[in-house]
Amino acid sequence: MRDVNRTGILIVVIMGTTMAGIDSSIVNISLPVMSKQFNCTLSEIEWVITVYMLSFSVLMPLTNWLKNRIGFFNLYIGAITLFTIGSLLCALSTNLDSLLIARVVQALGGCAMAPTSMAIISYVFPARVRGTVLGWWGLGNLVGPAIGPTLGGILTEKFGWPSIFFINLPIGILTIVMAFRFLDVLRKQPKLKLPFDLTGFVALTIFLVCLQYGIARAEVVGI
């Protein structure tokens with residue numbers, strides 16, 4: 001592929017996946033504070049994490065079908081936009097129910113970032129450098145969850161729990177702007193109208209929801 005700024009593309013996909021990675025762990029440290037503000041138990045507030053992981057695992061299998069249906073560019077832009085909007089809704093939540101709904105919106109975007117980023121790298125970069133590039137991308141993907149709890153603790157202590165979601169807004173907006181600048185070449189990717197396996201998706205959804213719910217409940221009731 002000619003006239004492609006591969007460095008810019010790599011930076012954009014690292015920014016998106018790192019942002020999603022941070023959010024997968026940044027919430028944990030703030031749960032006690034949220035519990036007090038929403039006047040609920042810790043087991044109830046833990047659904048802030050559980051509902052995100054449930055939605056994440058259910059929606060991720062759709063990524064490949066969506067990638068072929070609407071293309072890398074639209075899928076990645078849409079994922080970052082949904083994640084950023086979800087972060088804003090989380091920060092503005094006034095009760096537990098609205099926070100849980102906002103977390104589902106976040107998951108709609110977050111679940112698509114990592115698999116779409118890997119697909120973009122495989123599509124854009126030649127085989128001889130693909131391993132190195134995936135290594136750099138993987139490093140960014142690991143840094144996010146690692147720094148999440150520390151960053152969450154600092155933000156919650158200094159600015160309150162909504163700040164752990166507000167911090168995603170400037171990063172998300174910058175990533176969207178850069179994506180329009182560097183990922184524009186992906187608009188030329190051919191799109192395929194593949195059939196959707198509704199039966200398989202429903203069966204997988206039921207299995208994953210039951211599995212995740214069972215794991216979440218096991219910690220509460222014991223085994």
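Here, the structure is the one placed above.
Rules and cut-offs
Residues numbered from 1 in each chain as written. Predicted model: local features only at pLDDT ≥ 70, side-chain atom pairs only at ≥ 80, totals over all residues. Heavy atoms only, no water. Helix = DSSP H or I, 4+ residues; strand = E, 2+ residues; numbered from the N terminus. Buried < 20%, exposed > 50% of the residue type's maximum accessible area, 1.4 Å probe, protein only. Contact = heavy atoms within 4.5 Å. Areas by Shrake-Rupley, 256 points an atom, 1.4 Å probe, with all protein chains shown as cover. Lys, Arg positive; Asp, Glu negative; His and termini not counted. Charge placed at Lys NZ, Arg CZ, Asp CG, Glu CD. Axes fitted to C-alpha atoms, helices over the stretch in contact; angles between N-to-C directions. Left-handed = near helix turned anticlockwise from the far one by under 90°. Nonpolar A, V, L, I, M, F, W, Y, C, P; charged D, E, K, R; others polar. Phe/Tyr/Trp six-rings, centres within 6.5 Å; stacked < 30°, edge-to-face > 60°. Salt bridge = Lys/Arg side-chain N within 4 Å of Asp/Glu carboxyl O. Core = buried A, V, L, I, M, F, W, Y, C linked by side-chain atoms within 4.5 Å. Patch = residues over 30% accessible without salt bridge, like charges linked within 9 Å, V, L, I, M, F, W, Y side chains within 5 Å. Expected span 1.5 Å × (residues − 1). Bend = angle between axes of the 7 residues up to and from the residue.

Caption draft 1: Looking closely at the overall build of the protein. When helices and strands are tallied, the protein shows 11 helices and 0 strands. Element order for the protein, N to C, with α for helix and β for strand: α-α-α-α-α-α-α-α-α-α-α. Viewed in the frame of its principal axes, the protein has a C-alpha envelope of about 55 × 45 × 30 Å. Split into buried and exposed, the 223 residues of the protein put 45% on the buried side. When contacts within the protein are restricted to residue pairs at least 6 apart in sequence, long-range pairs at least 24 apart make up 82% of them. About 11,500 Å² of surface is accessible on the protein, with carbon and sulfur atoms providing 68% of the total. If the 15 positive side-chain charges of the protein are averaged to one point and the 9 negative ones to another, these points end up 17 Å apart.

Caption draft 2: Spotlight on the packing of helix H1 (residues 6–26) against helix H8 (residues 127–159). Their axes nearest at 7 Å, the elements H1 and H8 cross at an angle of 35°. Handedness of the H1/H8 crossing: right-handed. Partitioned by chemical class, the residues of the contact of H1 with H8 number 13 nonpolar, 10 polar and no charged.

Caption draft 3: Up close: the packing of aromatic side chains. Taken as a whole, this structure holds 6 aromatic pairs when the rule is applied. Taken together, a centroid distance of 5.5 Å and an interplanar angle of 70° make the contact between Phe-38 and Trp-161 edge-to-face. Of this pair, Phe-38 sits in helix H2 (residues 31–38) while Trp-161 is found in the loop between H8 and helix H9 (163–166), placing the two residues 123 residues apart along the sequence. For Phe-38, a relative accessible area of 13% translates into the label buried. Judged by its relative accessible area of 2%, Trp-161 is buried. Ring geometry for Phe-196 versus Phe-201: centroids 5.6 Å apart, planes at 55°, classification tilted. Given the relative accessible area of 36%, Phe-196 is considered partly exposed. Linked through ring pairs, Phe-38, Trp-161 and Phe-165 together constitute an aromatic cluster.

Caption draft 4: Structural view of the environment of Trp-47. For Trp-47, the location among the structural elements is in helix H4 (residues 47–59). On the basis of relative accessibility, which here comes to 28%, the residue Trp-47 falls in the partly exposed class. On a C-alpha basis, the gap between Trp-47 and Met-15 in space is 27 Å, while along the polypeptide they are 32 residues apart. Here Trp-47 is in contact with Tyr-52, Leu-54, Leu-100 and Tyr-213, once residues within four sequence places are set aside.

Caption draft 5: Geometry of the pattern of salt bridges. According to the stated counting rule, one finds 2 salt bridges in the structure shown. Measuring nitrogen to oxygen at the nearest pair gives 2.5 Å for the salt bridge that ties Asp-184 to Arg-187.

Caption draft 6: Quick peek at the nonpolar core. With 40 residues, the main nonpolar core has Ile-9, Ile-120, Leu-183 and Leu-186 as its most contacted residues. It is helix H6 (residues 72–91) that contributes the most residues to this core, 8 residues altogether. Those residues in contact with Ile-120 that sit more than four places away from it in its chain are Ile-9, Val-13, Phe-72, Tyr-76 and Leu-186. Of all hydrophobic cores here, the second largest spans 20 residues; its members include Val-27, Cys-90, Ala-91 and Leu-100.

Caption draft 7: Region of interest: unusual backbone geometry. Despite not being glycine, Asn-39 shows a phi value in the positive range, around 55°. Tracing the backbone through its elements, the reader meets Asn-39 in the loop between H2 and helix H3 (42–45). Classification of Asn-39 as exposed rests on a relative accessible area of 72%.

Caption draft 8: Here's a closer look at a nonpolar patch on the surface. Taken together, the side chains of Trp-136, Leu-139, Val-143 and Ile-147 present a nonpolar region at the surface, about 380 Å² in accessible area. Turning to its location among the elements, Val-143 is positioned in helix H8.

Caption draft 9: Focus on H8. With 33 residues, H8 extends 45 Å from end C-alpha to end C-alpha; this agrees with the ideal 48 Å at 1.5 Å per step. The largest bend along H8 reaches roughly 40° and is located at Gly-148, with the proline Pro-149 sitting one to four residues downstream. Those residues of H8 that fall on the buried side of the exposure criterion are Val-133, Trp-137, Gly-138, Gly-140, Gly-144, Gly-148, Gly-152, Leu-155 and Thr-156. Gly-160 occupies a position one or two residues after H8 and carries a positive phi of about 95°.

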